[in-house]
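Geometric and topological summary
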Amino acid sequence: MFYLDFIRAVALVAILVIHFNATVTGYFTLPHKLFVSVLPFGIYLGDFGSSLFFMVSGAALALTVPSDQSPMTFYKKRVRAIYPLFWLAWAICFSIRFVSKPGYYAGAKTLTLLLTVTGLDNFAVAAGWVGMDFACVGEWFLGSILFIYLLFPLLQRGLLRRPWLTWGLALLLCLPVHLAGWDANLVTIHILEFLFGMLFLRLSVKAKVALAVVCAAATPLCQPLDAKITCALCSAAVFTLLAGVARFLDRPWPRVICAKLAALSYAVFLVHHVLIQRLVEKFDLAALSRRDTALLFLVYLAATWAAAEALLALHHWLQKRWAAFRPA
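Computed from a prediction, not measured in an experiment: that's the story for all the values here.

**What about the overall build of the protein chain?**
Of regular secondary structure, the protein chain possesses 12 helices and 0 strands. Counting helices and strands in the order they occur from the N terminus, the protein chain gives α-α-α-α-α-α-α-α-α-α-α-α. What you see for the protein chain is a C-alpha radius of gyration of 20 Å, in line with the 20 Å of a compact globule of 328 residues. Oriented by its inertia axes, the alpha-carbon framework of the protein chain measures out at about 60 × 55 × 45 Å. Put simply, of all contacts in the protein chain between residues at least 6 apart along the chain, 77% involve residues at least 24 apart. Here the protein chain displays about 17200 Å² of accessible surface, and carbon together with sulfur accounts for 71% of that area. Averaging the locations of the 27 positively and 14 negatively charged side chains of the protein chain gives two centres separated by 9 Å.

Structure, rendered in structure tokens:
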């Protein structure tokens, strides 16, 4: 569906911009030189992009996963979709960092390698489980979406059989946990965003418009109370708006571009943050001019695209080699 590719492309741009801007500003200790603000309407651009990704993931899985598919089959397919590319990116990035920065991982405990293998290392640091890890790729997002994937079969059955009860229970369980901070703001609010994406496919046009208006109206009301809830409400409204706008952009060229970005999005997600961190190592960020920041941004985009393409090509080649060697 074109509108899902379109929204995924918007989310990808938001994440690329925020991680570039955060890195070249020394994680907001230096003035902004290219992007004036990463807080449009007081909503952090990184949270906004992540929220859209959670919603798109929910909608895409609800669209493609048969309702009668067993949970074990679903989990196996998710593992095959996520881990081979993740492990390949991790092996490359870890090897480069290990050789180029001797002693970088000296403070990381060997036990945290288990978290790395499962893609939960960066998530564990963000949640405060460990102080330092072997994280190279993946960000906190990967750990969060893995937890939500575990719940997907339950959420899918709930929406099919008892949609109102499912939503009621989700709100009743997720909001208190989020507001209490028990999940370090990494999972529960995103369960609701994911559930919104799943529900979106089943709504009529009028219901979508009404829901978008309610979310948009509630956004400024929640702003003084909680930033994540505010972002989720705003993102839901924008998601609906973008889905509507996509109908007018549904032409051959936009389809090709958005489909390409959607196909590259996971590989880009794995490599982009590593690349910009490596690129800025040779720059004096405090002295970096606006012109040079703009040039660096273009280099960053080109390098990210090339690395993502190369990672996918290597992954596909290894898959073919593996298929050739597997016994019939």
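**Some details on helix α1 (residues 2-24)**
Taking 1.5 Å as the rise per residue, α1 with 23 residues should run 33 Å; its terminal C-alpha atoms sit 33 Å apart, in good agreement. With 20 of 23 residues buried, α1 lies mostly within the body of the structure. Downstream of α1 by a residue or two, glycine 26 has a phi angle that is positive, lying close to 60°.

**Here we look at the environment of threonine 240**
Residue position: threonine 240 is located in helix α10 (residues 227-249). What threonine 240 contacts, discounting residues up to four positions off in sequence, is Phe196, Phe200, Lys208 and Ala212. Reaching out from threonine 240, the side chain makes a polar contact with the backbone oxygen of alanine 236 at a distance of 2.9 Å.

**Focus: the nonpolar core**
Counting residues in each nonpolar core, the largest one holds 102 residues, and the members touching the most others are Val137, Phe194, Phe239 and Leu270. The element that contributes the greatest number of residues to this core is α1, accounting for 15 residues. Excluding anything up to four places from it in sequence, leucine 270 contacts Leu85, Phe86, Ala89, Val137, Gly138 and Leu311.

**Examining the packing of helix α6 (residues 139-161) against helix α11 (residues 252-279)**
Orientation of α6 relative to α11, taken along the N-to-C sense of each, is 140°, at an axis distance of 9 Å. When the interaxial angle is binned, α6 and α11 end up oblique. Of the residues in α11, those touching α6 at Glu139, Phe141 and Leu142 are Tyr266, Phe269 and His273. Broken down by class, the residue content of the contact of α6 with α11 amounts to 4 nonpolar, 1 polar and 1 charged.

**Here we look at the environment of leucine 312**
Mapped onto the fold, leucine 312 is located in helix α12 (residues 290-325). Overall, the relative accessible area of 16% leaves leucine 312 in the buried class. A sequence separation of 227 residues divides leucine 312 from leucine 85, and the C-alpha atoms of the two residues are 7.6 Å apart. In this view, leucine 312 contacts Leu85, Ala263, Leu264 and Ala267; residues no more than four positions away in its chain are not counted.

**Side note on the state of the cysteines**
Across all of its chains, the model carries 0 disulfides by this definition. Left unpaired, cysteine 215 is separated from the closest cysteine sulfur, that of cysteine 234, by 9.6 Å. Residue cysteine 215 is classed as buried on the basis of its relative accessible area of 9%.

**Topic: the side chain of arginine 97**
Tracing the chain through its elements places arginine 97 in helix α3 (residues 71-100). If we skip the residues at most four places from it in the chain, arginine 97 touches Tyr104, Tyr105, Ala135, Cys136 and Gln277.

**Section: the pattern of salt bridges**
Tallied over the full model, the rule gives 7 salt bridges. Among the salt bridges present, the one from arginine 255 reaches aspartate 250, with a minimum N-O distance of 2.5 Å. Here lysine 260 and glutamate 309 are joined by a salt bridge, their closest N and O atoms 2.9 Å apart. Pair noted here: lysine 260 is in helix α11 and glutamate 309 is in helix α12, with a separation of 49 residues, a long-range link. Among the residues examined, lysine 260 registers a relative accessible area of 39% and is labelled partly exposed. Glutamate 309 sits in the partly exposed class, given a relative accessible area of 23%.

**So, the packing of aromatic side chains**
Taken as a whole and judged by the stated rule, the model has 27 aromatic pairs. Plain terms: the ring middles of tyrosine 83 and tryptophan 87 are 5.0 Å apart, the flat faces sit at 25° to each other, and that makes the pair stacked. Note that tyrosine 83 and tryptophan 87 are positioned in helix α3 at a spacing of 4 residues, about one turn of the helix. When its relative accessible area of 12% is taken as the criterion, tyrosine 83 is described as buried. Geometrically, the ring pair formed by tyrosine 266 and phenylalanine 269 is stacked, given 6.1 Å between the ring centres and 20° between the ring planes. Of this pair, tyrosine 266 and phenylalanine 269 both sit in helix α11, 3 residues apart, roughly one helical turn. Take phenylalanine 269: its relative accessible area is 14%, and that puts it in the buried class. Taken together, the aromatic side chains of Phe53, Phe54, Trp140, Phe141, Tyr266 and Phe269 make up a single cluster linked through ring pairs. Sitting above the plane of the tryptophan 140 ring, lysine 228 keeps its charged end 5.7 Å from the centroid.

**Some words on the side chain of histidine 272**
For histidine 272, the position within the fold is in helix α11. Within the structure, histidine 272 has its side chain in polar contact with the backbone oxygen of phenylalanine 269 (distance 3.2 Å). Excluding anything up to four places from it in sequence, histidine 272 contacts Ile15, Leu16, His19, Tyr300 and Thr304.

The rules behind these values
- Residues numbered from 1 in each chain as written.
- Predicted model: local features only at pLDDT ≥ 70, side-chain atom pairs only at ≥ 80, totals over all residues.
- Heavy atoms only, no water.
- Helix = DSSP H or I, 4+ residues; strand = E, 2+ residues; numbered from the N terminus.
- Rg over C-alpha atoms; globule rule 2.2 N^0.38 Å.
- Contact = heavy atoms within 4.5 Å.
- Areas by Shrake-Rupley, 256 points an atom, 1.4 Å probe, with all protein chains shown as cover.
- Lys, Arg positive; Asp, Glu negative; His and termini not counted.
- Charge placed at Lys NZ, Arg CZ, Asp CG, Glu CD.
- Expected span 1.5 Å × (residues − 1).
- Buried < 20%, exposed > 50% of the residue type's maximum accessible area, 1.4 Å probe, protein only.
- Polar contact = N/O pair within 3.5 Å; in protein donor to acceptor, adjacent residues only side chain to side chain.
- Core = buried A, V, L, I, M, F, W, Y, C linked by side-chain atoms within 4.5 Å.
- Axes fitted to C-alpha atoms, helices over the stretch in contact; angles between N-to-C directions.
- Parallel < 35°, antiparallel > 145°, perpendicular 65-115°, else oblique.
- Nonpolar A, V, L, I, M, F, W, Y, C, P; charged D, E, K, R; others polar.
- Disulfide = S-S within 2.5 Å.
- Salt bridge = Lys/Arg side-chain N within 4 Å of Asp/Glu carboxyl O.
- Phe/Tyr/Trp six-rings, centres within 6.5 Å; stacked < 30°, edge-to-face > 60°.
- Lys NZ or Arg CZ within 6 Å of the ring centre and 35° of its normal.

All we've got here are geometric facts, nothing functional implied.
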